[in-house]
Amino acid sequence: MPTLLLSMITLTKLNGQSFTYNAIYIEQVQSNPDTTITTARGRTFLVLESEEEVALKVTDYFRSIGLIQAADKAGE
């Protein structure tokens, strides 16, 4: 698997087209009622996934690279 894809999560546009996005750049996710993602650069886009699904994908990504585990241990 190319290194670039290791930081990506797969999401779905409202038209059903899937795309990958770098999870590190997601700053905010909210439902209005559509799920809106705001990036660190201020770009927004709508996805079919629920707010909870996006949060789970991002959390799974951070866990896969050891970032959540490192943060958990830092709090000990």
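These numbers come from a predicted model, not from an experiment. All chains use their own residue numbering, which begins from 1 and follows the written sequence. Where totals are concerned, whole chains, interfaces and linings use all residues; where local detail is concerned, this predicted model gives features only for residues with pLDDT of at least 70, and gives and counts side-chain atom pairs only at 80 or more. Where side-chain values are given, they derive from all heavy atoms of the structure, hydrogens and water being excluded.

Moving on: the pattern of salt bridges. Salt bridges are counted wherever a side-chain nitrogen of Lys or Arg sits within 4 Å of a carboxyl oxygen of Asp or Glu. Applying the stated criterion across every chain, the model contains 1 salt bridge. Note that Asp60 and Arg63 form a salt bridge whose closest N and O atoms lie 3.8 Å from each other. One end of the pair, Asp60, and the other, Arg63, are both in helix α1 (residues 51-64), 3 residues apart, so they sit about a helical turn from each other. Burial here depends on accessible area, computed with a 1.4 Å probe over protein chains only, as a share of the maximum for the residue type. Under 20% is buried, over 50% is exposed, and the range in between is partly exposed. Classification of Asp60 by relative accessible area gives partly exposed; the value is 40%. Comment: elements are numbered from the N terminus, with helices defined as DSSP H or I runs of at least four residues and strands as E runs of at least two.

Along the chain, the position of Asn22 falls in strand β2 (residues 18-22). By relative accessible area, Asn22 is classed as buried at 17%. Pairing of N or O atoms within 3.5 Å defines a polar contact, subject to two protein rules: one partner must be a possible hydrogen donor and the other a possible acceptor, and residues neighboring in sequence count only if both atoms are side-chain atoms. Separated by 3.0 Å, the side chain of Asn22 and the backbone nitrogen of Ile24 make a polar contact. Should any heavy atoms of two residues lie within 4.5 Å, those residues are considered in contact. Every residue in contact with Asn22, bar those within four places of it in the chain, is listed here: Ser7 and Met8.

On average, residues of the protein chain carry a pLDDT of 85, and 80% of them reach 70 or more. Within the protein chain, helix α2 (residues 67-74) has the poorest average pLDDT of any element, 57, and strand β4 (residues 35-39) the best, 97. Known as pLDDT, the predictor's confidence for each residue is given on a scale from 0 to 100.

Here the focus is the sheet that holds strand β5 (residues 44-47). For two strands to be treated as a pair, DSSP must find no fewer than two bridges joining them. Strand order in this open sheet of 3 strands is β3-β4-β5, and the pairing throughout is antiparallel. Unpaired on one side and paired on the other, β3 (26-31) and β5 mark the two borders of the sheet. When the angles between neighbouring strand axes are averaged without regard to direction, this sheet yields 25°. When β4 meets β5, the two strands line up antiparallel, connected through 4 bridges. The residue of β5 that forms the bridge with Thr38 is Thr44. Here an axis means a line fitted to C-alpha atoms, over the contact stretch when the element is a helix, while the angle between two N-to-C directions is reported on a 0 to 180 degree scale. Sitting on the sheet, α1 touches β3, β4 and β5, and the angle it makes with β3 is about 155°.

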